[in-house]
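# Observations on the three-dimensional arrangement
Residue strings, one per chain:
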Amino acid sequence: ETGVTQTPRHLVMGMTNKKSLKCEQHLGHNAMYWYKQSAKKPLELMFVYSLEERVENNSVPSRFSPECPNSSHLFLHLHTLQPEDSALYLCASSQDRVPPNQPQHFGDGTRLSIL
Amino acid sequence: ILNVEQSPQSLHVQEGDSTNFTCSFPSSNFYALHWYRWETAKSPEALFVMTLNGDEKKKGRISATLNTKEGYSYLYIKGSQPEDSATYLCASYNSGGSNYKLTFGKGTLLTVNP
């Protein structure tokens, strides 16, 4: 139990569907992150939120829309996805975004498959 | 573009063997080096965060060293056990302007045979 919970664990959706991934952390952390891991690629940072404010968007297509309603919850809204978006999506949190010498705590991820 | 390289990509050892892996990272604008252990179907778990040149950290049978001037870190496992089987990820924090960016390597997949 890492203190970071992601739902659902698995998601299969068509390209025209709209779905959302949810992340919740029970650690009292101020920073939350979305990562994508595609096959044979390293973890890629997608979005960073610090104190509920988006502070980084690493050139992620607009079909991915993050939302951070409070410091404990992070969502990733998905719409009109492409087959290449099939991947493992990991959520993480850390006490603060800076200084970056704090470990990140990860959820188990959502395995997303686009039909 | 920052590149973090890990070698080897995969490694098979026998129970009881000691082993080590390498992580190479950009030495410019360096701030911190993270090591994570990622077991299949679980979440990545932080092992170490190191910031200072010459830093050495230890956790049980696992230890790590850091050379920030040449941009490399070694992870050592002494007396490997089957439960050490996992992917070991390193990630480098480098700054660019006012932003810090954590860049991960692809990982080293360790399999320890009983």
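Our subject is the structure listed above.
The shown structure was predicted, so the numbers you read here are calculated from the model rather than taken from an experiment. Residues take numbers from 1 onward in each chain, read along the sequence in its written order. Just so you know, chain letters begin at A and ligand numbers begin at 1, following the order they were written in. For a predicted model such as this one, the threshold for reporting local features is a pLDDT of at least 70, and the threshold for listing and counting side-chain atom pairs is 80 or more; totals across whole chains, interfaces and linings nevertheless cover every residue. Just so you know, side-chain values use all the structure's heavy atoms and leave hydrogens and water out.

Working definition: rings of Phe, Tyr and Trp (its six-membered ring) pair if their centres are within 6.5 Å, and the pair is stacked with planes under 30 degrees apart, edge-to-face with planes over 60 apart, and tilted otherwise. A complete count under the given rule lists eleven aromatic pairs over all chains for this structure. Here the aromatic rings of Tyr74 of chain B and Tyr76 of chain B are separated by 6.1 Å at their centres, their planes lie at 65°, and the arrangement is edge-to-face. Burial here depends on accessible area, computed with a 1.4 Å probe over protein chains only, as a share of the maximum for the residue type. Under 20% is buried, over 50% is exposed, and the range in between is partly exposed. Tyr74 of chain B gets classed as partly exposed once you look at its relative accessible area, which sits at 27%. You can call Tyr76 of chain B partly exposed: its relative accessible area is 33%. Ring pairs connect the aromatic residues Tyr33, Tyr35 and Phe106 of chain A together with Tyr36 and Phe104 of chain B, which therefore count as one cluster.

What follows covers the pairing of strand β11 (residues 110-114) of chain A. All names here are of chain A. Strands are runs of DSSP state E lasting at least 2 residues, helices are runs of H or I lasting at least 4, and numbering of each runs from the N terminus. Going residue by residue along β11, you find Thr110, Leu112 and Ile114 tucked away on one face and Arg111 and Ser113 left uncovered on the opposite face. When DSSP finds at least two bridges between two strands, those strands are taken to pair. Pairing geometry for strand β2 (residues 10-13) and β11, over four bridges, is parallel. Counterpart to Met13 in the pairing with β11 is Ile114.

So, about the sheet that holds strand β3 (residues 18-25) of chain A. Residues and elements named next belong to chain A. Here four strands make up an open sheet; going across it, the order is β1-β3-β8-β7 and the pairing antiparallel. The outermost strands of the open sheet, each flanked by one partner alone, are β1 (4-7) and β7 (64-70). For this sheet, the mean angle separating the axes of adjacent strands, direction not counted, is 20°. Axis geometry follows a simple rule: fit a line to the C-alpha atoms, using only the stretch in contact for helices, then measure angles between N-to-C directions, giving values from 0 to 180 degrees.

The next point concerns the sheet that holds strand β7 (residues 62-67) of chain B. Residues and elements named next belong to chain B. Across the sheet, five strands lie side by side as β1-β3-β8-β7-β6; this open sheet has antiparallel pairing. In this open sheet, the two edge strands, each paired with only one partner strand, are β1 (5-7) and β6 (56-59). On average, adjacent strands in this sheet sit at an angle of 15° to one another, irrespective of strand direction. As defined by bridge partners, β7 adjoins strand β8 (residues 72-77) across six bridges and the pair is classed as antiparallel.

Moving on to the interface of chain B and chain A. We call two residues in contact when some of their heavy atoms are within 4.5 Å. Facing 22 residues of chain B, the contacting portion of chain A comprises 24 residues. Around 1,800 Å² of area is buried between chain B and chain A when both sides are counted, 61% of it from carbon and sulfur atoms. Considering only the surface of chain B that becomes buried against chain A, Trp38, Tyr100 and Phe104 of chain B emerge as the three largest contributors, covering 27% of it. For this analysis, a salt bridge means a side-chain nitrogen from Lys or Arg found within 4 Å of a carboxyl oxygen belonging to Asp or Glu. For the interface between chain B and chain A, the tally reads zero salt bridges. The definition of a polar contact used here is a pair of N or O atoms within 3.5 Å, where within protein one atom must be able to donate a hydrogen and the other to accept one, and adjacent residues in sequence count solely through side-chain atom pairs. Joining chain B to chain A, the criterion identifies four residue pairs in polar contact (both at pLDDT 80 or more). Secondary-structure elements contributing two or more residues to the side of chain B that touches chain A are β4 (30-38), β5 (45-50), β9 (86-96) and β10 (99-104) of chain B. Under the scheme applied, nonpolar residues are Ala, Val, Leu, Ile, Met, Phe, Trp, Tyr, Cys and Pro; charged residues are Asp, Glu, Lys and Arg; polar residues are all the others, including Gly. When its residues are assigned to classes, the side of chain B that touches chain A shows 13 nonpolar, six polar and three charged. Summed over both partners, the accessible surface that disappears when two parts come together, traced with a 1.4 Å probe, is what is meant by buried area.

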